[in-house]
Amino acid sequence: MTVNNTIAHQRLILSGDRERFKELLRRRLIECGWRDQIRMVCREIVKEHDSNSITLDMLVARVTPRARALVPDPVKKELLQKIKTHLLTQKNL
Amino acid sequence: MNTIVSELSMNDLNSKFFDIIQNENNAEDAANFIFDSVCEDVTLGVLFEVHHGIKTGLTELLEGEKEDEEQFKIVNSPECDVFGFSILKKTPDANCSCPNCERPVSATRFAPHLEKCMGMGRNSSRIASRRIASNSREPTSYAGLPSDDEDDADWSGTLHSERRKRRMKSSNKRNSKIHKSNNGNHNSENNDGATYETMSANEKKNLLLQICGVVSEHTKKLCTRSTRCPQHSEEQRRALRNNVLEPSTPESQSMGLTADDAGSPPDSSPSSSCSSSSRKRDRHRAVPRTKNKREKLSPLNGRD
Amino acid sequence: MNDTGCLHLSNFKAAKGSSPYKIVHAFFVASTSYEARRYKATSCLCFSCGQPGPRLHSCLHCIYFACYGGHIQEHSKNKKHFLYVDLSYGNVFCAQCQDYIYDRELTDISRSNRVLEAKSLGISVPYTPWLPNGNEVMALKRLRKRRLISPHTTIGLRGLQNLGSTCFMNCIVQTLIHTPLLRDYFLGERHKCKTQGSGKCLVCEVSKLFQEFYSGAKTPLTLHRLLHLIWTHARHLAGYEQQDAHEFFIATLDVLHRHCMNGVEETEKKEKDRCNCIIDQIFTGGLQSDVVCTSCSGVSTTIDPFWDISLDVAGPGSLQACLERFTRAEHLGSAAKIKCSNCRAYRESTKQLTLETLPIVASFHLKRFEHSSQIDRKISAFVSFPAELDMTPFMSTHRRAVDAADNNNDPEGLFEDNRYSLFAVVNHLGSLDAGHYTAYVRQMKGSWFKCDDHMITRASLREVLDSEGYLLFYHKTVLEYECDVP
């Protein structure tokens with residue numbers, strides 16, 4: 001199962017579409033305010049600590065689960081639908 | 001047996017991929033997997049930005065100290081505008097310095113002043129006639145059209161504006177550049193009855209480089225407005241020049257044909273529907289020139 | 001700025017330079033070509049578990065890919081290869097510092113690769129935050145105070161004196177000042193003038209205006225110099241009587257455009273049409289005209305630049321309805337036959353206008369004033385206009401794409417976004433003879449103001465949308481993001 005997913009994933013890297021979808025998702029998440037929300041969450045965390053001691057992994061551990069939950073459903077649906085359609089309509093390279 | 005595949009072949013990415021994707025469930029799973037991967041990536045991007053800002057000090061540098069906002073606070077009152085000025089009070093007046101004549105002018109009356117000062121509008125034709133009647137024999141210093149481009153040539157240096165100021169002060173000299181400015185100093189009370197019969201060929205030629213020149217039907221007087229005066233059409237001006245000037249003079253050919261229309265971008269028409277003006281006077285709009293013609297016979301299949 | 005990396009990275013660079021990083025980045029982080037993507041697709045999997053993630057990294061010391069779930073850390077410890085690069089963004093992790101470290105030289109390499117990658121993928125370069133150079137850092141350190149635009153302050157707002165029926169000019173100036181991209185251009189001091197402050201450059205004058213608007217001063221401004229400049233360079237606007245705001249808008253754009261060219265902005269071409277000045281970049285769109293011969297179905301296409309769209313007002317309706325009429329195919333009757341180059345004869349035809357390229361700022365002019373030999377009148381029919389407008393139905397691509405291929409596979413199609421947001425409205429009140437112009441402008445999303453010469457008051461979006469509307473200004477949505485006002 002995961003081998004299938006890996007193959008599909010790598011295929012999109014090859015066609016360049018993984019980057020394109022990433023850019024599309026990024027734009028949608030900026031528009032809906034998600035990015036600003038995440039930055040606010042980060043600000044809170046940073047306040048609690050001395051700025052010298054903040055590592056990226058700290059931020060990842062604290063923020064990622066919330067970030068995932070905050071992605072609006074319509075955005076998720078749009079991307080899922082587009083990715084799926086795209087996979088199904090890929091042509092031979 | 002579980003072999004770790006840490007490399008794929010192109011065959012994997014093509015044929016094997018197509019086999020897998022035939023099954024819609026696989027496509028669904030893969031889409032979810034890819035979405036999660038991409039989503040995590042985007043999140044990581046934001047976190048990296050925040051982390052970068054902290055570690056390099058950029059965030060602190062950009063944030064600085066917030067200015068005190070109290071002094072700029074919007075006033076929330078039905079009797080005031082956002083600055084706190086009463087909405088009942090009349091327009092506050094002030095003085096400003098006219099960029100044309102450098103005199104102080106009341107702000108609320110600046111526009112009518114500027115109009116006269118720059119020699120435009122209804123009364124200026126009378127003033128211009130006086131000027132023409134008392135013109136000097138100064139040959140024109142250019143052969144081209146009086147167009148706004150001349151102004152652009154002006155500001156390559158301040159020398160030109162100095163020269164112009166000097167000319168303005170000596171009121172009897174006619175400006176050979178486009179600025180028909182500051183003609184208010186004329187006292188010569190000449191009649192405005194100049195007609196083409198009494199002028200020499202050279203005078204006619206010079207004159208028609210400056211003014212519209214079309215003879216009015218009822219007054220029989222020359223129109224002394226600018227060469228782009230809206231009262232008369234380009235055809236009228238062309239016809240007049242054909243009649244009045246010798247046929248070989250370039251002025252009769254070139255007049256008004258390639259006027260730089262400052263009303264629209266150099267080669268653009270404000271779409272094919274020319275807009276009409278909300279002003280009472282009927283404005284002539286130069287016929288939009290479509291300079292960007294690209295003729296193609298078959299339907300385009302994509303943006304260039 | 002603290003972006004010189006760490007001691008360990010410096011030692012590595014001293015020994016091996018920045019090539020290892022460059023190579024890894026160009027192939028495996030931001031693949032700059034199809035070939036590179038091939039390598040990435042086939043070999044970027046964790047050497048330990050075969051997964052494409054999470055957070056794949058490349059060792060900087062040797063060829064080894066591994067995920068962040070323990071495998072790259074393992075490799076690092078075992079081989080004492082302390083530096084590894086994340087393949088999502090190209091950031092370097094130093095195992096000795098136990099965190100990602102930032103080195104300006106590597107950051108610059110990363111950014112230029114991103115540009116190449118975007119080109120290779122056929123998409124626009126993703127936005128990256130601004131990084132100040134040495135001088136800029138010093139300036140930021142020295143000048144610590146920051147002024148913010150907020151919906152609670154008057155920063156960005158100023159009243160404008162009426163100089164004698166010059167409300168038409170005041171409204172257009174308010175519109176231009178509140179055009180976000182123009183604001184960014186001028187406040188970023190992008191205009192480098194060649195006229196040495198002669199006072200004749202309209203662009204310089206506008207630049208000064210922006211400074212005034214953001215100065216925090218509250219007294220109304222007098223636009224006497226601006227009026228003089230425009231009347232000087234657009235003689236056809238002669239005359240003191242009430243003028244048309246629309247004509248003034250076009251004339252102003254034209255003079256700015258010409259003065260930008262004369263000021264010669266950096267990448268200027270010598271052609272007379274579309275230079276790359278800020279005015280063209282923001283306001284110029286392309287209008288496509290397709291004339292189809294009814295006999296042979298041959299299509300003749302022309303594309304003309306435009307700065308605004310003038311729409312007929314045919315009774316009450318909506319802006320979208322006006323645009324629909326504007327882009328509708330019209331049959332040109334037998335009195336208007338065109339010469340078909342295919343048939344080599346005069347034929348009847350249909351003509352259709354569509355929008356080929358949309359400008360960043362789309363300006364609409366509702367033709368409310370009619371002048372004819374019999375009558376002069378103002379059409380006050382209510383035309384509703386939305387706060388958000390999707391221009392897709394009026395585009396050439398859309399009209400053509402009825403039976404076209406799936407947009408999903410087209411890289412442009414994925415990002416096609418024709419959404420626009422209203423940011424300014426100019427209204428004409430009163431009759432033809434005695435009228436007055438006012439403008440509504442948007443300072444931030446959700447924060448609107450009414451500009452009535454020197455009187456600036458808060459307005460609701462409702463009030464704006466209920467107004468009559470003469471000139472409507474829309475800005476492409478996706479270029480900006482603003483936070484909501486609570």
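This structure is a prediction, so every number in the text was calculated from the model and none was measured. (Residues numbered from 1 in each chain as written. Chains lettered and ligands numbered in written order. Predicted model: local features only at pLDDT ≥ 70, side-chain atom pairs only at ≥ 80, totals over all residues. Heavy atoms only, no water.)

Draft legend 1. Representation of the overall build of chain B within the structure. A count of helices and strands for chain B gives 10 helices and three strands. Its helices and strands in sequence order give chain B the pattern α-α-α-β-β-β-α-α-α-α-α-α-α, from N to C terminus. Looking at chain B residue by residue over its 304 residues, the buried ones come to 45%. Look at the contacts in chain B between residues 6 or more apart in sequence, and 45% of them connect residues 24 or more apart. When the accessible surface of chain B is split by element, carbon and sulfur atoms take 49% of a total near 16,300 Å². (Helix = DSSP H or I, 4+ residues; strand = E, 2+ residues; numbered from the N terminus. Buried < 20%, exposed > 50% of the residue type's maximum accessible area, 1.4 Å probe, protein only. Contact = heavy atoms within 4.5 Å. Areas by Shrake-Rupley, 256 points an atom, 1.4 Å probe, with all protein chains shown as cover.)

Draft legend 2. Focus on the overall build of chain C. Along its length, chain C carries 16 helices and 24 strands. Dimensions of chain C along its principal axes, counting C-alpha atoms only, are 95 × 65 × 45 Å. Looking at chain C as a whole, 56% of its 486 residues are labelled buried. By sequence separation, contacts in chain C at least 24 residues apart represent 63% of the contacts at least 6 residues apart. Put simply, chain C shows about 19,900 Å² of open surface, and 53% of that area lies on carbon and sulfur atoms. Across chain C, the 55 positively charged side chains and the 51 negatively charged ones have centroids separated by 6 Å. (Lys, Arg positive; Asp, Glu negative; His and termini not counted. Charge placed at Lys NZ, Arg CZ, Asp CG, Glu CD.)

Draft legend 3. Local environment of the pairing of strand E8 (residues 299-306) of chain C. All names here are of chain C. Of all eight residues in E8, seven are buried; the element is thus mostly enclosed. Pairing geometry for strand E7 (residues 285-293) and E8, over eight bridges, is antiparallel. Residue pairing in the sheet places Ser289 in a bridge with Thr302 of E8. Taken together, E7 and the strand that follows it, E8, pair antiparallel across an intervening segment of five residues, in which Ser297 is found at a positive phi of about 60 degrees. (Pairing = 2+ DSSP bridges.)

Draft legend 4. Here's a closer look at the interface of chain B and chain A. Between chain B and chain A, the residue contacts involve 38 residues of the former and 45 residues of the latter. Note on chain B versus chain A: buried area summed over both sides is about 3,900 Å², and carbon and sulfur give 74% of it. Counting the surface chain B buries against chain A, the share from its top three residues, Ile34(B), Phe35(B) and Leu47(B), is 16%. Between the two partners, chain B and chain A, sit eight salt bridges. (Buried area = accessible area lost by both parts, 1.4 Å probe. Salt bridge = Lys/Arg side-chain N within 4 Å of Asp/Glu carboxyl O.)

Draft legend 5. Layout of the side chain of Thr6(A). Within the element layout of this structure, Thr6(A) appears in helix H1 (residues 2-15). Classification of Thr6(A) as buried rests on a relative accessible area of 5%.

Draft legend 6. Layout of the confidence of the model for chain C. Residue and element names in this part refer to chain C. The predicted model of chain C has a mean per-residue pLDDT of 87, with 91% of residues at 70 or higher. The least confident element of chain C, judged by mean pLDDT, is helix H15 (residues 411-415) at 63; the most confident is helix H16 (residues 461-466) at 97. Residue range residues 263-272 is modelled with pLDDT below 50. Its contacts to residues more than four positions away, or to other chains, number 18 contacts. Considering only residues more than four positions removed or in separate chains, one finds that residues 480-486, a stretch of pLDDT under 50, has 15 contacts. Predicted complex metrics record ipTM = 0.96 and pTM = 0.75. (pLDDT = per-residue confidence, 0-100.)

Draft legend 7. Expanded view of the UniProt feature "domain: UBP-type" (unreviewed entry) in chain C. Those places that UniProt annotates as "domain: UBP-type" (unreviewed entry) correspond, in this numbering, to residues 4-120 of chain C. Secondary structure within residues 4-120 of chain C divides into 49% helix and 13% strand; the distance between the first and last C-alpha atoms comes to 30 Å. (UniProt positions renumbered as here; feature names shortened; annotations may be inferred.)

Draft legend 8. Representation of the UniProt feature "zinc finger region: SGF11-type" (unreviewed entry) in chain B. The positions UniProt marks with the feature "zinc finger region: SGF11-type" (unreviewed entry) are residues 96-117 of chain B. Along residues 96-117 of chain B one finds 36% helix and 23% strand; the C-alpha atoms at either end are 14 Å apart.

Draft legend 9. Structural detail: the nonpolar core. By size, the foremost hydrophobic cluster in this structure holds 83 residues, and its most contacted members are Leu25(A) and Leu87(A). Take this core: its biggest share by element is 14 residues, from helix H2 (residues 24-56) of chain B. Apart from residues lying up to four places away in sequence, Leu25(A) is in contact with Val75(A), Leu79(A), Phe35(B), Val38(B), Cys39(B) and Val42(B). Counting 77 residues, the second largest nonpolar core, distinct from the first, contains Cys101(B), Leu221(C), Leu227(C) and Ile282(C). (Core = buried A, V, L, I, M, F, W, Y, C linked by side-chain atoms within 4.5 Å.)

Draft legend 10. Representation of the pattern of salt bridges within the structure. Within the structure shown, the criterion is met by 40 salt bridges over all chains. With a shortest N-O distance of 2.6 Å, Asp17(A) and Arg20(A) are connected by a salt bridge. A residue pair is termed a helical-turn pair when its members lie 3 or 4 positions apart in one helix, as Asp17(A) and Arg20(A) do in helix H2 (residues 17-31) at three residues. Here the two residues Asp17(A) and Arg20(A) agree in accessibility, since each one is buried. Across the pair Glu65(B) and Lys145(C) runs a salt bridge, and its minimum N-O distance is 3.4 Å. Taken together, the residues Glu65(B) in strand E1 (residues 65-66) and Lys145(C) in strand E6 (residues 145-146) connect one chain to another.

Draft legend 11. Representation of the sheet that holds E7(C) within the structure. All names here are of chain C. In space, the four strands of this open sheet follow the order E8-E7-E14-E11, with antiparallel pairing throughout. The open sheet has two edge strands with one neighbour each: E8 and strand E11 (330-332). The sheet shows a mean angle of 30 degrees between the axes of neighbouring strands, taken without regard to direction. Looking at chain direction, E11 and strand E14 (residues 349-357) are connected through three bridges and run antiparallel. Bridge assignment links Glu330 to a residue of E14, and that residue is Lys351. (Axes fitted to C-alpha atoms, helices over the stretch in contact; angles between N-to-C directions.)

Draft legend 12. Spatial organisation of the side chain of Ser88(C). As for its placement among the helices and strands, Ser88(C) is situated in the loop between strand E3 (83-86) and strand E4 (92-94). A polar side-chain atom of Ser88(C) sits 2.6 Å from a polar atom in the side chain of Asp41(B). When sequence neighbours within four positions are dropped, the list of residues in contact with Ser88(C) reads Lys22(A), Asp41(B), Leu44(B), Val29(C) and Arg114(C). (Polar contact = N/O pair within 3.5 Å; in protein donor to acceptor, adjacent residues only side chain to side chain.)

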